[in-house]
Every structure is written in structure tokens, then in C-alpha cells.
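Here is how the chains run, residue by residue.
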Amino acid sequence: MTTEITDLPAAAAEAPEELPKEAAGAAQAELSAEEQAAAEAEAARLQAQRDAEREAEREAEEKAAAEREARYKRLMQKISKQADFASMKDSVRLMQKISRSENAHARALSGAISEDIAMTSKLLRLVNAAFYSSAGGGTITSLQRAVALMGFQTVGMMANSLMLFDRLPKGSDGNRLREEFGRAQLAALLAQQFCNRNKHLEVAYLAALFQNLGGMLGGLHFPEELYGFEEKLATRGLATGKHEWMDARDKLAREHWGVDIEDIAIDVAEQWGWPETVRHGMRRLQPSSSERAASAEEYQRVLCTSANVLAAQLLGLPGGGSAEEKAEARRVCVERFAAEMAVPLSLNPEPLVEEVAGVQELWNDLAQVLGFGPVAAPPAAKPAKAADPAADLAAKPGAAKLATAAAAAPVAGAPKPAAAAPRPAAPVAPVNPAVAESLSDALEKLSGLVLAGAPAGQLLQLCMRQMHEALGLRRVVVCLRDGSGQMLKGGMGVGERATALAPVFQIPLQPPSELFGLLCSKGADTLISDTADPVIAQRLPAWFRNQVQAGTFVLLPMVAGGQVLGAFYGDKADPGTLQISERELTLLKTLRNQVVMALRFGGGNS
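Residues numbered from 1 in each chain as written. Predicted model: local features only at pLDDT ≥ 70, side-chain atom pairs only at ≥ 80, totals over all residues. Heavy atoms only, no water.

## Some remarks on the overall build of the protein chain
Stage number 1. Each helix and strand counted, the protein chain has 24 helices and seven strands in total.
Stage number 2. Considering the protein chain as a whole, with its 606 residues, one finds that 47% of them fall into the buried category.
Stage number 3. Contacts spanning at least 24 positions in sequence make up 67% of the contacts within the protein chain whose residues lie at least 6 apart.
Stage number 4. Only carbon and sulfur atoms are counted for the fraction: they give 53% of the accessible area of the protein chain, which is about 28900 Å². (Helix = DSSP H or I, 4+ residues; strand = E, 2+ residues; numbered from the N terminus. Buried < 20%, exposed > 50% of the residue type's maximum accessible area, 1.4 Å probe, protein only. Contact = heavy atoms within 4.5 Å. Areas by Shrake-Rupley, 256 points an atom, 1.4 Å probe, with all protein chains shown as cover.)

Here you go:
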């Protein structure tokens, strides 16, 4: 009992001491809740801030992407509006149509490159060089044989490359682009030589050739901007054509244009209707490993990329020194290439130096024939020797060169004219942007009609209307070959009294007995600036002098396979009022050539 009485007061005494601890615990719990709430609020605030930042970044990225897309569209629109690009595009698309046609044959391809003998010769040299180690062994002497061995598409795309080269600026102004084109040709030959997988042999040359199409297009249409990029790269010490140089140039292009230079090439190639296999190979790719062979998916791109890099290195070697010193420099360059790429490309490094030397020797020959090398600035002009422009055309059938003629080639049986004082050459007409744009639009329309298989009459009507409107002609008349094949007869016309005068046009071909027949038989695109000139007047047919009575006219014969199919004629009343620039001539020829191909080879229905 004593113990119990003693403990009760102690328990009672301890009770009050426990209360403050419980209160402290509750206060501490309450404080933790406040801290937790504050922490949660801070976390929510930070999350909201991060969300806002991510949203701002997303919006900024979308805005930047939209700006890049807008810059890219403006760039492509600017390229597409270039008259040379428009004519190139339509020529390429027509050749692609020919290559897909069941009825196509080599004469169609020959016609598609303007029946230009010099162009055909260059194409055959290129074909033999590109495929010198394959069937034919450098002995392909006709387009028919080239097509039989390699197909329309391959030969057609090689013709495309020459068309692009032909549009490069003449003289010293185009040196950088000519060198670029030459480098592409060397890369293509190297890729063809190195390719050891049959699946890729057909497109190795073409894909390597056009892998830097974007650079050529940029240099052709935006030279100042592109060369500005390259000057910046030069200050960084980057070697032209190497991976680092290409990547850095693409980065500058993205910043300025909103798109890689490579993407420009792929977009244009797609517009031109080139096959996916070639477009795939046009994209650069380094091997994923230098210690194993490239995979089937990698091989074509790695092959074409490495060929372009090696071509740039070879052409960047010092040009001076003895033959032995040059050979040694090439050996070092090739061995360095082999150490890096022999395994990925499954190449035998031992014969590689000799193989590359053979390819470069072949390329040197092509460079002389096609003119890849730099062109020296022209010397001071000397007085020109008096010449007969139309006679020069007559000596070069199929040359398709426009002459502002003050005289024509002598006609058989015509009296010899009295000697006349030499006349200065007519100045080159300046480009009229409105005319070029109008003709470019006409090409777009005509190309659409050709691809849709429009009737021949519809194609001829479109060309007549567009020539009439773009050049401001008084009238345009189309003459077509008659059933006998001995004469061209006027069939339709647009403009002042054109329909009534069309039947008056009677142009003998076999043999040609006056100016029109001679020019048509020679395929000579000709501008007569003054029909009253005595030398010209005596060679014009009576029906022209008595009824047509034009002061100036242009004649564009339609020729295919060596046969005259017809001619476009357009005139103005007053002498000297019709002028056609080189760019406008290119567009007119392309317009005419598309009609010729459609008439001759199934692109349009009669």
C-alpha cells in the first residue's frame, strides 16, 4: 500500500511534463505541413516555368522552321524563274518521258539534245569515257548503240549533265563552275572504276556526277552568296571538297537559305524526274567504320562520297613540277585514300594507284574535249573579219545558232551579187526579263501538254500564241512538210492576216531554191533584221515580197533525225525592230524542240 500511495503522486507529478512535448509535436507537424505546402507550391511554380520555357522553345523552333521553310521556298522559286533553269527543266523532263516511252528510240534522244552535232559528239565521248571498261570498250560510235548498251535513262542523264555544263557562263566568269563540273566528272569516273557491286554499277557514275549538283546550281544562280560561303571556309583553313568543308558549307547555307545545298540538289533532281536510286546516291555519307565493309544500305552513298572527296584531293595537288613529281604526289594521295577507304569499299589497294592514274589520264582527255579547265580572260578585241553569217550557218547543219543576217548563203542558180562593203556585226540583244519570263511560262504550259499527250495542233497553237505575245510579233505562221516530202506549206497562223497568208507560204526543200528552203534544209535558226537589204531582197521568194511584206523576221526550222518537219515563222513590219537575246533564244529553241519531239516521237497525238 505504501508503495502505491508513494507512486500515485509521482505519476500525477509527471503528467504535466508530457503535455508540452505533445504540443511541440503538433506544432512541429503543423510546421512541416506548411513547409511541404510551400515546397509543393515552389515545385509547381518551377514546373510551370519549365513548361513555359519549353513552350517558348517549341514556338521559337516552329517559328524558325517556318522561316527556314519560307526562305527555302523563296530560293526555289527564284531558281525556277530563271529562264535557263526553266529550259533545262523542260528538256530533262522531256528526256525522262522519252526514256519511259515504249515507242522511244535513239533518234528521239538525239532530237532532244537539239540535233546538235557537237553536243552528240561530246555525249559519245562522255559515254565511252564513263563506260570504257564495260561493254563496248570505248568503241560506242552512235547514240543507238549507247542506248542499246546502257539504256535511255543513263544516256539521257549524261546528256542532262552536258546541258547543264552548256549553260554555264562563258569565258573567265564561269571558271569556278567549269572546274566544279570537271571535278564532278572525275568523281564519276572514279566511282565507276571503284564500284565492285553489280547492283550499284548502273548508277554509280550518275550518282557521283550529280552529288554536288546543289553546288553547281548555287554557283549558276546565286554565285555571290555561294562564293561568300566558300571564302569564309577558306579563312578557316578547310580543304575544298573534304567532308568537313562540305558540312561547314551546308551549315552556312542553312543559316542563310534555310536549307542544305545537298537538299537543293535532291529537290531539283526530284522535279526533273530522276529515279530514286540516283537521288539516294546523291546524299553524302561517310562509312560507319573504317575497319569493316560498308553495308548494302551504305555502299552506294559511301562510294560516291569518297569518289568526290578523292577527286577534290587529286585536283588540289600542285600543278607544277616534273611528271615524276606529279606521279609521286598522286601516289601519296591515293595511298592515303586507300588507307582510309579500301576496307569500307572492299578495294584492293595494290593496283589502286595505277587505276587512278588511268582514270585521271582519261579525264585529262575529256577536259580538253569538253573544256572543263579554266578559260583565260579574252584579250583586247581585234577588228572582226567580215563574214557571211548565213553562209556560216549553212556550213554547220544542225548548229541551231541564231544569226542576225545581213546576207544569206548563195542560192544555186542565183546571180552573184555585187560586192558590198563589210558590215559590222550586229550587237547582242540585251535580255528582256518580261520576254524571258513569258517564254518560261510558255515552257511550263507546253511541258504539261506534252506530258499529257495533247494533240499536235494544240501544241502548235500554244507555241504560236506564246511567240506572238512574248516577242510582240505582227504574225506567226507554222509551216509543215507536205505529203510528198518535197515542200513545206503554211498551215496555220496567229496575228495580223496570218490565217489568210498561211497558204501563201510554199517552201521547196528538194532542192532548196530560195532563202527559206536553204535555211530550213540546214536547220539554221535565223533572224533577218532588214529584208530590204539588196543582198537579202534578191533571195526572197516572190510570194514573200509581194504579199507578206515584212521588214524583219525570224525563222525556226523544225528538224529531227536529219529530216525537216516544218518551221515557225514570225515577223514585224519595220526593219530592225525584232531583237532576240541569247537567253530568249535558248527558251525559243527549247519550246520548238519540245514540239518537234512530240510530233516526231509520240509525245502528242495528231
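## What about the nonpolar core?
Stage number 1. Grouped together as the largest cluster of nonpolar side chains are 80 residues, with contacts concentrated most on Leu 190, Phe 194, Leu 213, Trp 257 and Met 282.
Stage number 2. Broken down by element, this core gets its largest block of residues, ten residues, from helix α7 (residues 175-194).
Stage number 3. Leu 443, Ala 454, Val 478 and Met 558 belong to the second-largest nonpolar core, a separate cluster that totals 37 residues. (Core = buried A, V, L, I, M, F, W, Y, C linked by side-chain atoms within 4.5 Å.)

## Some remarks on the confidence of the model for the protein chain
Stage number 1. Scored by pLDDT, the protein chain has a mean of 75; 70% of the residues are at 70 or more.
Stage number 2. Contacts from residues 1-17, a stretch scored under 50 in pLDDT, to residues over four places away or in other chains number zero contacts. (pLDDT = per-residue confidence, 0-100.)

## Brief notes about the pattern of salt bridges
Stage number 1. Scanning the entire structure with this criterion turns up 17 salt bridges.
Stage number 2. Of the charged contacts, one joins Glu 328 and Arg 331 as a salt bridge, the two residues approaching to 2.4 Å between their closest N and O atoms. A residue pair is termed a helical-turn pair when its members lie 3 or 4 positions apart in one helix, as Glu 328 and Arg 331 do in helix α15 (residues 323-341) at three residues.
Stage number 3. Note that Arg 592 and Asp 525 form a salt bridge whose closest N and O atoms lie 2.9 Å from each other. A residue pair is termed long-range when its members are at least 10 positions apart, and Arg 592 in helix α24 (residues 582-600) and Asp 525 in the loop between α21 (515-521) and β5 (526-528) qualify at 67 residues. (Salt bridge = Lys/Arg side-chain N within 4 Å of Asp/Glu carboxyl O.)

## Let's talk about the side chain of Asp 533
Stage number 1. With respect to the element layout, Asp 533 can be found in the loop between β5 and α22 (534-537).
Stage number 2. Within the structure, the side chain of Asp 533 is placed 2.9 Å from the backbone nitrogen of Val 535, a separation counted as a polar contact. (Polar contact = N/O pair within 3.5 Å; in protein donor to acceptor, adjacent residues only side chain to side chain.)

## Side note on the state of the cysteines
Stage number 1. The full count for this structure, using the stated rule, is zero disulfides.
Stage number 2. For Cys 304, which is in no disulfide, the shortest distance to another cysteine sulfur is to Cys 195 and amounts to 8.2 Å. (Disulfide = S-S within 2.5 Å.)

## Focus: unusual backbone geometry
Stage number 1. In this model, Arg 497 sits at a positive phi of 55 degrees, which is unusual for a non-glycine residue.
Stage number 2. By the secondary structure assignment, Arg 497 is in the loop between β3 (487-495) and α20 (498-501).
Stage number 3. The residue Gln 549 is not glycine, and still its phi comes out positive at about 55 degrees.
Stage number 4. In this structure, Gln 549 sits in the loop between α23 (542-548) and β6 (552-560).
Stage number 5. Judged by relative accessible area, which is 52%, Gln 549 ranks as exposed.

## Looking at the pairing of strand β2 (residues 475-481)
Stage number 1. Among the seven residues that make up β2, five are buried, leaving the element largely enclosed by the rest of the structure.
Stage number 2. The antiparallel hairpin formed by β2 and β3 contains five residues in its connecting segment, where Gly 485 sits at a positive phi of about 75 degrees.
Stage number 3. As paired elements, β2 and strand β7 (residues 563-572) share six bridges and run antiparallel to each other. Bridge pairing links Cys 479 to Ala 567 in β7. (Pairing = 2+ DSSP bridges.)

## Some thoughts on the packing of helix α9 (residues 213-221) against helix α10 (residues 223-235)
Any two packed helices are characterised by the angle at which their axes cross and by the distance between the axes.
Stage number 1. Where α9 contacts α10, the two axes come as close as 5 Å, and the packing angle between them is 125 degrees. Taken as axis vectors, α9 and α10 run oblique relative to one another. Note on element contacts: α10 touches α9 through Pro 223, Leu 226 and Tyr 227, opposite Gly 215, Gly 218, Gly 219, Leu 220 and His 221. (Axes fitted to C-alpha atoms, helices over the stretch in contact; angles between N-to-C directions. Parallel < 35°, antiparallel > 145°, perpendicular 65-115°, else oblique.)

## Structural notes on the environment of Leu 460
Stage number 1. Tracing the backbone shows Leu 460 in helix α19 (residues 456-470).
Stage number 2. Overall, Leu 460 belongs to the buried group, its relative accessible area being 3%.
Stage number 3. Residues contacting Leu 460, with those up to four places away along its chain left out, are Val 478, Leu 480, Met 492, Met 558, Phe 568, Val 595 and Leu 599.

## With respect to helix α11 (residues 243-257)
Stage number 1. With 15 residues, α11 extends 20 Å from end C-alpha to end C-alpha; this agrees with the ideal 21 Å at 1.5 Å per step.
Stage number 2. All of the buried residues along α11 are His 243, Trp 245, Met 246, Ala 248, Arg 249, Asp 250, Leu 252, Ala 253 and Trp 257.
Stage number 3. Once α11 finishes, Gly 258 follows within two positions and takes phi at roughly 85 degrees, a positive value. (Expected span 1.5 Å × (residues − 1).)

## Description of the side chain of Arg 279
Stage number 1. By secondary structure assignment, the location of Arg 279 is in helix α13 (residues 276-281).
Stage number 2. Overall, the relative accessible area of 15% leaves Arg 279 in the buried class.
Stage number 3. Side chain to side chain, Arg 279 and Glu 276 meet in a polar contact 2.9 Å long.

## A few points about the packing of helix α8 (residues 198-209) against helix α14 (residues 299-315)
Stage number 1. Running from amino to carboxyl end, α8 crosses α14 at an angle of 40 degrees, the nearest separation of the two axes being 10 Å. Between α8 and α14, the crossing angle belongs to the class labelled oblique. Two packed elements cross with a definite hand, and for α8 against α14 that hand is right-handed. Of the residues in α14, those in contact with His 200, Val 203, Ala 204, Ala 207 and Ala 208 of α8 are Tyr 299, Gln 300, Leu 303, Cys 304 and Asn 308. (Left-handed = near helix turned anticlockwise from the far one by under 90°.)

## Observations concerning the pairing of β6
Successive residues of a regular strand alternate their side chains across the two faces of the sheet.
Stage number 1. Where burial is concerned, most of β6 is hidden: eight out of the nine residues are buried.
Stage number 2. In this sheet, β6 lies alongside β5 in antiparallel orientation, the contact comprising three bridges. In the strand pairing of β6, Thr 526 is matched with Leu 555.
Stage number 3. Across nine bridges, the pairing between β6 and β7 is antiparallel. Counterpart to Val 559 in the pairing with β7 is Val 564.

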